[in-house]
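The chain contents come next:
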Amino acid sequence: MSVLPDTLQARKQPLQSRSRATVEAIREASIQVLIAHGLAGTTTTRVAERAGVSVGSLYQYYRNRSTMLAALLEWHLDTVASAVEDAGARKRGATLDETADALIEAFVAAKLEHADISLALYGIAEMHGGAALLLAGRTRMEAAMTAMLGSVRDARFADATQVSAILLGAMVGPMCDLLNAGAPRARVAPLRAQLTLLARGYLHAAKVTP
């Protein structure tokens, strides 16, 4: 269920395959227009034209430009949160180091999937209901990380929820810096390696000694 206020909710959810295809086309067009024209130039007219649909068809799903952009941000944040959740599901019962590695790999890969529009997504967050969406995404990731830590077979934590919150905060800052710099390819592998070291080191330091 969306956490957006009613004024930013989509008009309707796509239920049939044709409707889902239309919404996916609009979303992909939104990304392409953001890359080509920036946030200020991303209008419903341009997006509809790029998606190959009429503006009227776009308005069947989105009340206005703000709801269209909020939906794009919501989709992006859901992608990142889902990646962390999926990593947790795959690594239940793994070692602490394996868990840290999987967490960082999933987080970095998901954040970089749309690195070319990262600055625009931050702009959307500031103007179009982003605070609630960011909080919901963070809550999901922290819950998934807490579950991951709870299933680690070679360590335990006195307060896995707090450890997850602190680790996520430590991950987000360097990733935002990378995205703000345009995510240059030469910096991606070093960042991933450093975040892995950070995650492993912090989790080993935070675990309860038997």
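1. Thoughts on unusual backbone geometry
- Even without being glycine, alanine 183 reaches a positive phi, approximately 50 degrees.
- With respect to the helices and strands, the residue alanine 183 is situated in the loop between helix H8 (160-180) and helix H9 (185-206).
- Residue alanine 183 is classed as buried on the basis of its relative accessible area of 15%.

2. Some points on the nonpolar core
- Counting 35 residues, the largest nonpolar core has Phe107, Leu112, Met171, Met175 and Leu203 as the members making the most contacts within it.
- Residue assignment for this core shows that the elements contributing at least two residues are helix H4 (65-90), helix H5 (96-112), helix H7 (130-151), H8 and H9.
- Apart from the residues within four sequence positions on either side, methionine 171 is in contact with Leu103, Ile104, Phe107, Met145 and Leu195.
- Counting residues in each nonpolar core, the second largest holds 24 residues, with Val47, Ala51, Ala120 and Leu133 among its members.

3. Some details on helix H2 (residues 44-51)
- Along H2, the residues classified as buried are Thr44, Val47, Ala48 and Ala51. The arc that holds the buried residues of H2, viewed along the axis, is 100 degrees, so those residues lie on one side.
- Next to the buried residues of H2 lie helix H1 (17-37), helix H3 (55-61) and H4.
- Looking one or two residues past H2, glycine 52 carries a phi angle of roughly 75 degrees, positive in sign.

4. Some remarks on the pattern of salt bridges
- This model, assessed by the stated rule, comprises six salt bridges.
- The salt bridge partner of aspartate 78 is arginine 140, with a shortest N-O separation of 2.6 Å. Residue aspartate 78 is located in helix H4, and its partner arginine 140 is located in helix H7; the two are separated by 62 residues in the primary sequence.
- Classification of arginine 140 by relative accessible area gives partly exposed; the value is 27%.
- The network of salt bridges with shared partners includes Asp78, Glu85 and Arg140.

5. What about the environment of valine 188?
- You can see valine 188 is positioned in helix H9.
- For the pair valine 188 and leucine 178, spaced ten residues apart in sequence, the C-alpha separation works out to 7.8 Å.
- Ignoring sequence-local partners within four residues, the contact set of valine 188 consists of Leu112, Leu178 and Ala183.

Reading guide: rules and limits
- Every chain begins its residue count from 1, and numbering advances along the sequence as written.
- pLDDT decides what is reported in this predicted model: residues at 70 or higher carry local features, side-chain atom pairs at 80 or more are listed and counted, and totals for whole chains, interfaces and linings draw on all residues regardless.
- Calculated side-chain values reflect all of the structure's heavy atoms, with hydrogen atoms and water omitted.
- The secondary structure listing takes helices from DSSP runs of H or I that are at least 4 residues long and strands from runs of E that are at least 2 residues long, numbered from the N terminus.
- Residue burial is assigned from relative accessible area. The probe radius is 1.4 Å, only protein chains are included, and a residue is buried under 20% of its type maximum, exposed over 50%, and partly exposed in between.
- Among buried residues, the Ala, Val, Leu, Ile, Met, Phe, Trp, Tyr and Cys ones that are joined through side-chain atoms within 4.5 Å form a nonpolar core.
- Here, two residues are considered to be in contact whenever any of their heavy atoms come within 4.5 Å of each other.
- Directions from the helix axis toward the C-beta atoms define the arc.
- One speaks of a salt bridge when a side-chain nitrogen belonging to Lys or Arg is within 4 Å of a carboxyl oxygen belonging to Asp or Glu.

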